[in-house]
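Architecture and fold: a report
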Amino acid sequence: MTAPHRQAPGRRTAVLRREAVLATVPVAVAALLGAAGPAAAGTHGAAGAGDPYFPLSGNGGYHVEHYDLTLRYDTGSRHLDGKAVLTARATQKLTRFDLDLKGLKVTGVTVDRSAAGFRHSGQELVVTPRHALHKGQEFRVTVTYNGTPKPVTDPDGSQDGWIPTDDGAFVASEPQGAMSWFPANSHPKDKSTYDFTITVPKGRTAVANGVLRGQHTANGRTTFRWHQAEPMAAYLATATVGKFKVEHYTTRDGIEVYNAVDAREARAAAPVLKKLPSVLEWESKLFGPYPFRAAGSIVDHAPDVGFALETESRPVYDSAPGVSTLVHENAHQWFGDSVSVTAWKDIWLNEGFATYAEWLYSEQHGGDSAQKTFDALYGRPASDELWSFPPGDPGSGKNIFGTPVYARGAMALHELRKAVGDRDFFRILRCWAAEHRAGHGTTAQFVRVAEHLSGKDLDGLLHTWIYTQGKPNKS
Ligand code: ARG
Ligand code: ZN
């Protein structure tokens, strides 16, 4: 697994440079600078991971190796009781560090079993351990908290995070919602393994990521224990609760499938979910081995949500999905979940790829060819929103789920495929998924993989399709 601090070698130099400056300026100025950004001064972990689209998402100064979340949700009162134990490693000396948590009340924080000081304002939970943590030190943070979780409203007006439903909660946290239900280093730069222990009223099911380790019922409540063994970004964690019909089985490839379906969606979902093993097999042929030991689907009845999410190992759908949505969310398991972005600006590496997977599925299953889909989109006039910004530079968090990211991102891949030919194109996809498996990748790295494998100079073509404003000329 790739540690987040290795992803951004420039950051460390920036920290050093700023520390050098600070040695000569008054303390008040130092405090101001320290609060300003990722290159936090001295021994205070930064309040954000340094992503300009979401400046307070994530934090600096440490990497979370593992989250152990114990949750108890009362579906009637919508009250959540939580305990989060984070095993983390300091990437600098820390006398203070932040976690992201919004709207819930923190009742206690310990660091390595000693009570720690904490201050909670907005989405930042600022923790002051009793003893400073040295660079490289592993430490354990325990946060107890409770309240009524509310979703986060995103710059594009959508809501994500813990979204209550009539029988539980739809939990989908891209891009910012993790902080609505657990204290996190909530930026995809930081990936961690997870354990979940979730208690809900008997008759409800709590579905998280990975494999089900056990479930037991006592005193009118059922506790579900889930384990996500491969690293996961916080936004891909789920703990969706509802009245679900459950099926589980193991595929020919040994993947443990767990499907949870709201009865109101069961009839529409059944024929689509039946295709999951064949979709995963087809995607594995195209993209390389499926990256997780678990798979599945959570099909909720959450009519107000308006999106599905590729929650790791087990996507969550707000209603019965169609086949192309199933293909899309499962393609994300390779592109987005296993290979993660280091900045939200690169979101086309997730959405463009998952959309292109839909085009490929159609092409290979008796539907429109990718070329036909491309041509229909290309026929849109220059004034169409498809051309309103380039997929590799959405400009702000407001645009990260815009049409250009999905559709023009997929068009960029189609242009690449035409330039290098099918054989090299699919080698590029597999190499990308393999080389960055369980880690991260940037647009520049993708271009390098494509050029390296094809032996072609692709900079001009890819630059045009990924970064140029307005409708590109056809090559
Ligand atoms: N990644 C999701 C998808 O595949 C979209 C998530 C949208 N989230 C949001 N807050 N609008 O399509
Ligand atoms: Zn997507």
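Residues numbered from 1 in each chain as written. Chains lettered and ligands numbered in written order. Predicted model: local features only at pLDDT ≥ 70, side-chain atom pairs only at ≥ 80, totals over all residues. Heavy atoms only, no water.

A few points about the sheet that holds strand S14 (residues 211-218)
Backbone hydrogen bonds hold the strands of a sheet together, and the pairing may be parallel or antiparallel. Sheet architecture is open: 8 strands sit in the order S5-S4-S8-S2-S1-S12-S15-S14, paired in mixed fashion. Of all strands in the sheet, those with a lone pairing partner are strand S5 (114-115) and S14, marking the two edges. As paired strands, strand S2 (residues 79-90) and strand S8 (residues 138-147) are joined by 10 bridges and run antiparallel to one another. Pairing of Val-85 across the sheet is with Thr-142, part of S8. (Pairing = 2+ DSSP bridges. Helix = DSSP H or I, 4+ residues; strand = E, 2+ residues; numbered from the N terminus.)

Thoughts on the nonpolar core
With 135 residues, the main nonpolar core has Phe-97, Tyr-145, Trp-181, Phe-182 and Phe-196 as its most contacted residues. It is helix H7 (residues 348-364) that contributes the most residues to this core, 9 residues altogether. (Core = buried A, V, L, I, M, F, W, Y, C linked by side-chain atoms within 4.5 Å. Buried < 20%, exposed > 50% of the residue type's maximum accessible area, 1.4 Å probe, protein only.)

Regarding the site of ligand 1
Taken together, 15 residues surround ligand 1, and among them Ser-158, Glu-174, Glu-310, Glu-351 and Tyr-406 come closest. At 3.1 Å from an oxygen atom of ligand 1 is found a side-chain nitrogen or oxygen belonging to His-328. The side chain of His-332 places a nitrogen or oxygen atom 3.2 Å from an oxygen atom of ligand 1. Expressed as a share of its isolated accessible area of 340 Å², the protein-covered part of ligand 1 is 92%. Of all the cavities here, the one that holds ligand 1 is the second largest pocket. (Near = heavy atom within 4 Å. Polar contact = N/O pair within 3.5 Å; in protein donor to acceptor, adjacent residues only side chain to side chain. Areas by Shrake-Rupley, 256 points an atom, 1.4 Å probe, with all protein chains shown as cover. 1 Å grid on protein atoms, 1.4 Å probe; cavity = no way out; pocket = protein on both sides within 12 Å on 5 of 7 lines; lining within 4 Å. Sits in = over half its atoms within 2 Å of the grid points.)

Thoughts on the layout of surface pockets
Left-over empty space is what a probe sized like a water molecule reveals as it rolls over the atoms. The calculated volume of the second largest pocket comes to roughly 290 Å³. If you trace the second largest pocket, you find 18 residues lining it, with Phe-307, Ala-308, Glu-329, Phe-401 and Tyr-406 closest to the centre. Listed by contribution, the elements that provide at least two residues to the lining of the second largest pocket are helix H6 (323-331) and H7. Counting residues per element, the lining of the second largest pocket draws most heavily on H6, at 4 residues. Of the residues assigned to the lining of the second largest pocket, the class counts are 5 nonpolar, 6 polar and 7 charged. (Points joined across faces, edges and corners; volume = space filled by probe spheres on them. Nonpolar A, V, L, I, M, F, W, Y, C, P; charged D, E, K, R; others polar.)

Overview of the side chain of Asp-318
Within the fold, Asp-318 resides in the loop between strand S20 (316-317) and H6. Among buried Asp, Glu, Lys and Arg side chains, Asp-318 stands out as unpaired, with Arg-264 the closest opposite charge at 13 Å. A polar side-chain atom of Asp-318 sits 2.9 Å from the main-chain amide nitrogen of Gly-306. Filtering out sequence-adjacent residues up to four positions away, Asp-318 remains in contact with Phe-170, Asp-300, His-301, Ala-302, Pro-303, Val-305, Gly-306 and Phe-307. (Lys, Arg positive; Asp, Glu negative; His and termini not counted. Salt bridge = Lys/Arg side-chain N within 4 Å of Asp/Glu carboxyl O. Contact = heavy atoms within 4.5 Å.)

Remarks on the packing of H6 against H7
As a packed pair, H6 and H7 sit with axes 8 Å apart at the nearest point and diverge in direction by 135°. Classed by the angle they form, the pair H6 and H7 counts as oblique. Along this stretch, H6 crosses H7, giving a crossing that reads as right-handed. Contacts between H6 and H7 involve Val-323, Ser-324, Val-327, His-328 and Ala-331 from the former and Glu-351, Ala-354, Thr-355, Ala-357, Glu-358 and Tyr-361 from the latter. Broken down by class, the residue content of the contact of H6 with H7 amounts to 6 nonpolar, 3 polar and 2 charged. (Axes fitted to C-alpha atoms, helices over the stretch in contact; angles between N-to-C directions. Parallel < 35°, antiparallel > 145°, perpendicular 65-115°, else oblique. Left-handed = near helix turned anticlockwise from the far one by under 90°.)

Re the packing of aromatic side chains
Throughout the structure, instances matching the rule amount to 32 aromatic pairs. A ring pair is formed by Phe-170 and Phe-307, whose centres lie 6.4 Å apart and whose planes are at 75°; its orientation type is edge-to-face. Separated by 137 residues along the polypeptide, Phe-170 in strand S11 (residues 168-172) and Phe-307 in the loop between strand S19 (294-299) and S20 bring together distant segments of the chain. Comparing Phe-170 with Phe-307, the two get one shared label, buried. Arranged with centres 5.6 Å apart and planes meeting at 55°, the rings of Trp-348 and Phe-353 form a pair that is tilted. Like Trp-348, the residue Phe-353 is buried in the burial classification. These aromatic residues form a ring-pair network of at least three members: Phe-287, Tyr-290, Phe-292, Trp-334, Phe-335, Trp-348, Phe-353, Trp-432 and Phe-446. For Lys-418, the ring lying beneath its charged end belongs to Phe-374, and the centroid distance is 4.9 Å. In this arrangement the basic side chain of Lys-471 is found over the ring face of Tyr-378, its NZ or CZ atom lying 4.5 Å from the centre. (Phe/Tyr/Trp six-rings, centres within 6.5 Å; stacked < 30°, edge-to-face > 60°. Lys NZ or Arg CZ within 6 Å of the ring centre and 35° of its normal.)

Focus on the pairing of strand S4 (residues 105-111)
Strand direction decides the pairing type here: S4 and S8, joined by 6 bridges, are antiparallel. Paired with Val-111 across the strands is Val-141, a residue of S8. Two elements, S4 and S5, share 2 bridges in a ladder whose sense is antiparallel. Its bridge partner being in S5, Val-111 is matched across the sheet by Ser-114. Hairpin connection of S4 to S5: 2 residues between the antiparallel strands, including Asp-112 at a positive phi of 50°.

As for the coordination of the zinc ion (ligand 2)
Ideal coordination angles are 109.5 degrees for a metal with four donors arranged tetrahedrally and 90 or 180 degrees for a metal with six donors arranged octahedrally. Bound to the zinc ion (ligand 2) on the protein side are His-328 (NE2), His-332 (NE2) and Glu-351 (OE), at distances that span 1.9 to 2.0 Å. On the primary sequence, the residues serving as donors to the zinc ion (ligand 2) are separated as H-x3-H-x18-E. With respect to burial, His-328 and His-332 carry one shared label: buried. (Donors = N, O, S within 2.8 Å, 3.2 Å for Na, K, Ca; no water.)

Some remarks on the confidence of the model for the protein chain
In this model, the protein chain carries an average pLDDT of 92, and 91% of its residues clear a pLDDT of 70 or more. Contacts from residues 1-40, a stretch scored under 50 in pLDDT, to residues over four places away or in other chains number 41 contacts. (pLDDT = per-residue confidence, 0-100.)

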